[in-house]
Structure formats: structure tokens, C-alpha cells
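Single-letter residue listing:
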Amino acid sequence: MAGDRQTEVEDKYDVDEDFAVPDLTAVPGVASVDEPKEMHLDATYFDTADLRLVAAKVTLRRRTGGDDAGWHLKLPGVGNARTEVHRPLGRTVRTPPKALVGQVRVWVRDGTLAPVVRLRTTRVTHVLRGPDDRALAEVSDDRVTAEQLGDVVTVSRWREVEVELVDGDRKLLRRAGALLVKAGARPATSPSKLARALGGRLDEAARAARPPGPAESAGAHVIGYLRQHVDLLEAFDPHVRTDQPDSVHKMRVSTRRLRSVLGAYGPLFDRSVTDPIRAELKWLGGALGTVRDDEVMDERLRGKVRSQPRELVLGPVVARLDRELRGDYRRAHAALLTDLDSPRYFRLLDALDALLDAPPLTELAAEPATEVLPARVRKTWRRLRRAAAYADRPDLTEDERATRLHAVRKAAKRARYAADAAVPTIGADAAAFAARVKDLQSILGEHHDSVVSRDLLLNLAVGAYRAGENAFTYGRLHALEEAVAAEEERQYVRAWRAASRKKLRRWFR
């Protein structure tokens, strides 16, 4: 995408007005510190009236002054790492760029963005350098004046210090923080200037679910798992929109986990509420799946072609792959973006939020998780075992066998995800079962990809032949994929035997 995209790693500290920044050359690994540089920053933050972006730990602002003036979007990351996207200021002041609005659509949905806070900051920056003169980190001493915008404007002031890594490592981040704390700084009580500026207007529990019952109950554990993957689904959405590597796969996995766990633990919920959600998750998974399948086939066949001796790649094979497979991917991705901007998708997100905020739990959900969860995983195991038995019927044709093995794979996913959800409660036994079923799923995934790639290779070969091109290479790759499928079936037999061991199921009730 256009614009800069980077990962930001920083720690923030609250300090008093009379705080004195210590000698930063005392930080181990720091050889010198640049002369302090003062700048004046003016930032306006945009959000919905009910602060959906702040609640999701997302910030969208327009800033002037300093070295990085422009539009800034900060997206959730892992730990204290966040993804930050920059765009130039441009001529628009009152509305954010469309490209950035698209990346927050998963939270804004069909709401409206407007200015909510203006922050004016006098910043003094200290650049920490290593022995080779590389900039390791920046320590910023900020004096902030904040205005809440709306019908009534309120003003607040404070001082804080921020340490942001440049080329340094997290050890340096910790050491710099320790020096600041020794000098009187305190770990920040607010995650951001924006959160502090909003003060009482920011409802810390905006996205927190109402307690579904005792912490040890089955309902509480399953809701916790669902919350984790709703958050992941939303976090991956902006990366899917900008076509970041592996983002479609990750979002699709979270979608499948949500649907599988709602199915496996169905009796814990009012099914009249969760069944429609599962149906919509299936729709979303299908939209993501079309893109992911095209991506997998493109990577797979290109890898196969690259692995062949040059003399066995006859005709414009790579050019045809470019034209056919990448074209399919671009069309599928464009269709997915349309789906992600649709009211149908937004209403699914609303339904997931409502499910977490007010879980429609049954009496069974109040029972101890240690009793309920193993019993539900056992049911997914029985379903998997039936699917495997059907796939082993001797009267199946080769195509029917492939179809039934794909059904085994889907049943394995459901069992695996159900066991994954039980791991926080059951521990190592559930993790061991999930690992074995994952092995089974992976083998059958490779088998399925081989089946799909053979169909695709046949179509490519026919197209090449009709265009007067040499189709030899497609036939060769088809034969190699047949060999892959045969090997995966042998591996499947061994993996099934390992997953079927009784000791893996000793924790079932």
C-alpha cells in the first residue's frame, strides 16, 4: 500500500512537573545522547461518538509539527508492539483519508468518524546512540494540553515521558525504563495520551463482557476463548484490506475457530442466537477461503515449477500461471473487500459483540468447566471417528475417498479447536490431544491441496494445449501431485493410529 507502515515499540511513564530527566548515558549500551531537540506538536484524534476506536485500542489522528507530520493510524499488535501507518497531510483537514478509514472499518462499521480530542504537546526529544553511532531509542519528555471536543470543550494538562525503540532491543527499553523509574517516573496509568485526555468519558468496560458466571464455569471459559478470537478477527481485518502476507489465512483461521467452538459447545448457548451467527461465520469463512485457496494454489504451483529441472519446464508455464492464478487471486480479493464493506459483515460483527457482551448461556454453562468441556470434546472425537470409518469403506471410488478424507479433515479441525478451547482448564492432556489431531489435520490438508492442484493443472494443461503451447510440464506436475497424495494417505494411516491412542482420551468424561 502507499504510505509508510512500521511496528512501534514503546513504553510510557507518568512524571511530576518538577521531574528531571536523568543522565541517559547511564543506560547500559548507550554511548552518547544527542543534544535535546524541542518541537511543538498539534494532533487531532478522530473516532465515533461512542469511541469504538479507543475501545479497540486503535488511534487515528492528524498531526502537524515534528518530523512525522501527517495522518497516523495505530493498530493493535502483540504485547507493546503496534502497527503504525502513515499518510501525508494532504489538503483534507476535516476528514481522514479514505485508505485509512477503510482500515478501521471493522470497528467503525457504518458509523461516522469525527474529531474527539485535540492534543498540543511541547516535546523535548533525546536520541540515545550506540558505540557505532546508531540511534537506539528516543526518550521524549512531553508537556501536554488536551481538549475534549464536542458540545462542551474541557481542558486538562500533564507531563509524561516516553521511550521508543529505533534500532535498539527490548533489553535497552527495559534498562532505560529502570533508569527513569529510579529518577522518579512511574509506569503510565493510561495506555495513551488520548485515553488520558478522554478521562471519565472513556468507559474502560466498553468492550468488556458482563460476567457470564463464576470464573471456573464452562460458560466463562468458552466466552473467554471466543473473545480472544473475535479480537483476532478484528485485528487481522485491516491487514486483509491492505493485502498483507498471510493475513487472509489468519483471519480465516479465527473465523473457523469461532464457528467450530460455537458448534462444539452449542449446548452452553441458546442456539436460536448462536446458530444464525454460525451461519454468517460460514459465509465469511467462505469469502476468505476463496482468496486463501487461490493464494495457496499460486504459491504451491510456482514452487513446484521452480523445483523442476529447467529443461523440463516447456513453454510459457510461468506466464500462464501469472495470468491465470494471479488474476484469480486479484478478482477474489476484490470481491472479499466488497464483502468486508457490506452491511452483512457489519451486522455479523455486531452480533459477535452482542454475544460477548450478553452471552445467551444455558444452565449447562454454569456447571464446572472441568466437567462440561471434556464431555463436549469427546463428542467431537466421536464425530471424527465416524468420519474416518466412512472414509475407510472399501467400496468408495478414488474421488469419493478424497471427498470423505476432506470430511475427516473438517471433523479433525472441529475436534482440535474444541480441545484448544479446553486447554486453559484441562492443561497438558487437552494440549496433547489437540496436537495429535492437528497432525492429522495437516496431513489431510496437504492431501486436499494435492487433489485441488491436480484439477487446476488439468485445466491449465487444456488451456495451454488449445493455445498451441506445450502441455508437458502440467502433466509432469500432475503426476508429481498424484505421488504426493499417495504419500499423504500413507502418512494419514500412521497419524490416525497415533491420534486414536486411548491414553490421549483419558481426560474425557
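Residues numbered from 1 in each chain as written. Predicted model: local features only at pLDDT ≥ 70, side-chain atom pairs only at ≥ 80, totals over all residues. Heavy atoms only, no water.

**Student:** Explain the overall build of the protein chain to me, using residue names and the numbers behind them.
**Tutor:** Looking only at helices and strands, one finds 14 helices and 10 strands in the protein chain. Oriented by its inertia axes, the alpha-carbon framework of the protein chain measures out at about 85 × 65 × 45 Å. Burial analysis of the protein chain (509 residues in total) assigns 49% to the buried set. Within the protein chain, contacts between residues at least 6 apart in sequence are counted, and of these 74% link residues at least 24 apart. As displayed, the protein chain offers around 24,400 Å² of accessible surface, 51% of which is attributable to carbon and sulfur atoms. Computed over 87 positive and 76 negative side-chain charges, the separation of the two mean positions in the protein chain equals 5 Å. (Helix = DSSP H or I, 4+ residues; strand = E, 2+ residues; numbered from the N terminus. Buried < 20%, exposed > 50% of the residue type's maximum accessible area, 1.4 Å probe, protein only. Contact = heavy atoms within 4.5 Å. Areas by Shrake-Rupley, 256 points an atom, 1.4 Å probe, with all protein chains shown as cover. Lys, Arg positive; Asp, Glu negative; His and termini not counted. Charge placed at Lys NZ, Arg CZ, Asp CG, Glu CD.)

**Student:** Let's hear about empty space enclosed by the protein: which residues, and what values?
**Tutor:** Which parts of space are left empty comes out when a probe the size of a water molecule is rolled across the atoms. Per the counting criterion, the structure on display carries 1 cavity of 30 Å³ or more. When its volume is computed, the largest cavity comes out at roughly 30 Å³. Around the largest cavity, the lining residues are Lys12, Asp14, Glu160, Ala188, Ser190, Ser192, Lys193 and Arg196. At the level of elements, β1 (4-14) and α5 (193-198) are the ones that each hand at least two residues to the lining of the largest cavity. Split by residue class, the lining of the largest cavity holds 1 nonpolar, 2 polar and 5 charged. (1 Å grid on protein atoms, 1.4 Å probe; cavity = no way out; pocket = protein on both sides within 12 Å on 5 of 7 lines; lining within 4 Å. Points joined across faces, edges and corners; volume = space filled by probe spheres on them. Nonpolar A, V, L, I, M, F, W, Y, C, P; charged D, E, K, R; others polar.)

**Student:** Give a detailed account of the packing of aromatic side chains, specifying residues and quantitative values.
**Tutor:** For the coordinates displayed, the defined rule picks out 7 aromatic pairs. Between phenylalanine 433 and tryptophan 507 the ring centres are 6.2 Å apart and the planes differ by 70°, which places this aromatic pair in the edge-to-face class. Separated by 74 residues along the polypeptide, phenylalanine 433 in helix α13 (residues 428-466) and tryptophan 507 in the segment after α14 (472-499) bring together distant segments of the chain. Of the two residues, phenylalanine 433 and tryptophan 507, both sit in the buried class. (Phe/Tyr/Trp six-rings, centres within 6.5 Å; stacked < 30°, edge-to-face > 60°.)

**Student:** Please provide a residue-by-residue account of the layout of surface pockets, values included.
**Tutor:** Counted as a void, the second largest pocket has a volume near 1,200 Å³. Lining the second largest pocket are 38 residues; nearest its centre among them are Arg252, Arg256, Arg409, Lys410 and Lys413. Sorting the residues of the lining of the second largest pocket by element identifies α7 (247-264), α8 (271-306), α11 (369-391), α12 (398-426) and α13 as the ones contributing at least two each. Residue classes in the lining of the second largest pocket are distributed as 9 nonpolar, 11 polar and 18 charged.

**Student:** Can you lay out the environment of aspartate 68 for me, pointing to particular residues and giving the numbers?
**Tutor:** Along the chain, aspartate 68 turns up in the loop between β4 (59-64) and β5 (70-75). In this structure the C-alpha to C-alpha distance between aspartate 68 and threonine 473, which are 405 residues apart in sequence, comes to 51 Å. Separated by 2.7 Å, the side chains of aspartate 68 and arginine 63 make a polar contact. (Polar contact = N/O pair within 3.5 Å; in protein donor to acceptor, adjacent residues only side chain to side chain.)

**Student:** Would you mind going over the pattern of salt bridges in detail, with residue names and values included?
**Tutor:** For the coordinates displayed, the defined rule picks out 44 salt bridges. Across the pair glutamate 162 and lysine 12 runs a salt bridge, and its minimum N-O distance is 2.6 Å. Of this pair, glutamate 162 sits in strand β9 (residues 154-165) while lysine 12 sits in strand β1, and the two are 150 residues apart along the sequence. The pair glutamate 162 / lysine 12 is uniform in exposure class, with both members buried. Of the charged contacts in the structure, one is a salt bridge between arginine 63 and aspartate 68, with a shortest N-O distance of 2.7 Å. Accessibility expressed as a relative area gives 7% for arginine 63, which makes it buried. Its relative accessible area of 27% is what places aspartate 68 among the partly exposed residues. It is possible to trace a salt-bridge network through shared partners that takes in Glu10, Lys12, Arg123, Asp142, Glu160, Glu162 and Lys193. (Salt bridge = Lys/Arg side-chain N within 4 Å of Asp/Glu carboxyl O.)

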